[in-house]
Amino acid sequence: MLVLVFENCLWGSAVVVTKEAGWVGLGWNDWSDLGEIRARLDSGADPHADLWHQGPPLHLAAEYGSPEVIAELARRVGDVDAVHEGRSALWQAVFANRRDNALALAAAGADPWRPMTGGWSPGRLSLAGPNPGLFFPFPRDKPTLSEAENAAVLEAERLIEALGDFTYEGLGLACVAGITAAEAARRLGAAVAEGAGIDGVLDGPYPGEGVGLVGATDVPGGCVVSRRDGFEVAGADVINRLSAGTVCYALVADPTSGDRGSSSRDGVIEEWDACPGGGRVSPDSSAGEVLAAFLYQEEAVAYACAYAGLRLTDARPVLGPPDLWLRLPARWDVTG
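Residues numbered from 1 in each chain as written. Predicted model: local features only at pLDDT ≥ 70, side-chain atom pairs only at ≥ 80, totals over all residues. Heavy atoms only, no water.

1. Things to note about the environment of Arg186
Along the polypeptide, Arg186 turns up in helix 8 (residues 181–188). It is 9.8 Å that separates the C-alpha atoms of Arg186 and Arg241, two residues lying 55 residues apart in sequence. (Helix = DSSP H or I, 4+ residues; strand = E, 2+ residues; numbered from the N terminus.)

This is the structure we're talking about:
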């Protein structure tokens, strides 16, 4: 990052001026304001600046701006296909499902077929989203979606529709591949609570609150262990036990810090404090990770289920009532 330091004669202190200076105070909605963006550019704002490590202006406009702003910025940059963290502005527009901005970038000369993060080009990635005809006609020499990728797209559409919309703040969820709810109980050393054991504790909006109960439900592909008002069901000790010989993905829907995801494979944590459904990828993301992030944006629960290969047909395994109520032993008690 270019940093210029000038001496402040009035106060005798150094004033730091960075390449971001011309963009200070700009909100996300302002990327659609052509007059605002043009005025900043005319006043010397750098169209190539990496703004607060989020990318150059063209990348931010691709996701948050308007086609008019895209056209203005594209006219002022040296390379409309410049890459930030492995992705061009066109790639960013496709990933954000901004059809209008993707078309504006293509009209400005951006290349839809250049492979980027995970090997995905903007054009091929568009085939997995809601705008598969974005860059047609599709060149014959460019790869289309594989059979497995097509299946993943169809399953994402089915799973998201099957789960539907519901409020899940406060949810603790563990999705486990290849085991039953009864096996989950065995791995956790949990007793099945029934009859007199649960009379009077299942009423109200948060069944089992304060008594260490969690729900476990068999689903196609494995089982779901959940609690509407407790996060410890997604704790490391719990998911490591559940993942022995398989894989488990856990979700914590914390209303104060947002959705957080973790994965464990064969008793070992693989990923911690991730952002399921956050729609973010890194330069070293695999092809599968890019596709999953693209398909499950803003769908954290569906992402968690899909990660473990669970094919839920409705939201009951998440919201209840479960197949089994499990009373965790004191060491796993979700009430802490």
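Having seen the structure, we can now continue with the description.
2. Focus: the pattern of salt bridges
Evaluated as defined, the whole model comprises 17 salt bridges. The salt bridge involving Arg76 is made with Asp42; its shortest N-O contact spans 2.8 Å. Pair noted here: Arg76 is in helix 3 (residues 67–76) and Asp42 is in helix 1 (residues 34–42), with a separation of 34 residues, a long-range link. The partner of Arg158 in a salt bridge is Glu155, with the nearest N and O atoms 2.8 Å apart. In this pair, Arg158 and Glu155 are both assigned in helix 7 (residues 147–163), three residues apart and thus about one turn of the helix distant. (Salt bridge = Lys/Arg side-chain N within 4 Å of Asp/Glu carboxyl O.)

3. Description of the layout of surface pockets
What the largest pocket holds in volume is close to 650 Å³. Taken together, 27 residues line the largest pocket, and the ones lying closest to its centre are Glu289, Ala292, Ala293, Tyr303 and Tyr307. When residues of the lining of the largest pocket are traced back to their parent elements, those giving at least two are helix 7, strand 9 (268–274), helix 10 (287–295) and helix 11 (300–307). A per-element tally of the lining of the largest pocket places helix 10 first, with six residues. Broken down by class, the residue content of the lining of the largest pocket amounts to 14 nonpolar, seven polar and six charged. In this structure, the second largest pocket spans a volume of roughly 260 Å³. Around the second largest pocket, the lining comprises 16 residues; the ones closest to its centre are Gln54, Glu85, Arg87, Gln92 and Arg280. If you list the elements that add at least two residues to the lining of the second largest pocket, you get helix 2 (57–64) and helix 4 (89–95). At four residues, the largest contribution of residues to the lining of the second largest pocket is made by helix 2. For the lining of the second largest pocket, the class distribution of residues is six nonpolar, six polar and four charged. (1 Å grid on protein atoms, 1.4 Å probe; cavity = no way out; pocket = protein on both sides within 12 Å on 5 of 7 lines; lining within 4 Å. Points joined across faces, edges and corners; volume = space filled by probe spheres on them. Nonpolar A, V, L, I, M, F, W, Y, C, P; charged D, E, K, R; others polar.)

4. A short note on empty space enclosed by the protein
Enumeration over the complete set of coordinates arrives at one cavity of 30 Å³ or more. Around the largest cavity, the lining residues are Ala93, Val94, Asn97, Arg98, Arg99, Ser126, Gly129, Pro130, Asn131, Leu134 and Phe294. Class assignment of the residues belonging to the lining of the largest cavity gives a composition of five nonpolar, four polar and two charged.

5. Some words on the sheet that holds strand 5 (residues 213–219)
Hydrogen bonding along the main chain pairs the strands of a sheet, whether they run parallel or antiparallel. In spatial order, the strands read 4-10-5-6-3-7-8-9; together these eight strands make up an open sheet with antiparallel pairing. In this open sheet, the two strands that pair with only one neighbour each are strand 4 (191–193) and strand 9. Neighbour-to-neighbour, the strand axes of the sheet open up by a mean angle of 25°, direction not taken into account. Where strand 8 (residues 258–265) and strand 9 come together, four bridges link them in antiparallel fashion. (Pairing = 2+ DSSP bridges. Axes fitted to C-alpha atoms, helices over the stretch in contact; angles between N-to-C directions.)

6. So, the pairing of strand 8
Taken residue by residue, a regular strand's side chains alternate between the two faces of the sheet. In terms of strand pairing, strand 7 (residues 247–254) meets strand 8 through eight bridges, oriented antiparallel. Across the sheet, residue Leu251 finds its bridge partner in strand 8, namely Gly261. Here strand 7 folds back onto strand 8 in antiparallel fashion, the turn holding three residues. Counted between consecutive antiparallel strands, the loop separating strand 8 from strand 9 contains two residues, among which Asp266 sits at a positive phi close to 50°.

7. Points about the nonpolar core
What tends to happen in soluble globular proteins is that the nonpolar side chains get buried as a cluster. In this structure, Trp23, Trp31, Leu73, Leu105, Leu173 and Leu312 are the most contacted members of the largest nonpolar core, which totals 71 residues. If near-sequence neighbours (up to four positions away) are discounted, Leu173 is found in contact with Val224, Val225, Ser226, Val233, Ala234, Tyr249, Ala250, Leu251, Val301, Ala304 and Val318. Ala174, Ile179, Leu188 and Val214 belong to the second-largest nonpolar core, a separate cluster that totals 22 residues. (Core = buried A, V, L, I, M, F, W, Y, C linked by side-chain atoms within 4.5 Å. Buried < 20%, exposed > 50% of the residue type's maximum accessible area, 1.4 Å probe, protein only. Contact = heavy atoms within 4.5 Å.)

8. Things to note about the packing of aromatic side chains
For the structure on display, the rule yields twelve aromatic pairs. Taking 5.5 Å as the distance between ring centres and 25° as the angle between the ring planes, the aromatic pair formed by Trp23 and Trp31 counts as stacked. An identical accessibility class is assigned to Trp23 and Trp31; each is buried. Aromatic rings pair up to connect Trp113, Phe135, Phe136 and Phe138 into one cluster. The aromatic ring of Trp120 is capped on one face by Arg124, whose charged end is 4.0 Å from the ring centroid. (Phe/Tyr/Trp six-rings, centres within 6.5 Å; stacked < 30°, edge-to-face > 60°. Lys NZ or Arg CZ within 6 Å of the ring centre and 35° of its normal.)

9. What about the environment of Leu34?
By the element assignment, Leu34 lies in helix 1. For Leu34, a relative accessible area of 24% translates into the label partly exposed. Discounting residues that sit within four places of it in the chain, Leu34 has contacts with Glu68, Val69 and Glu72.

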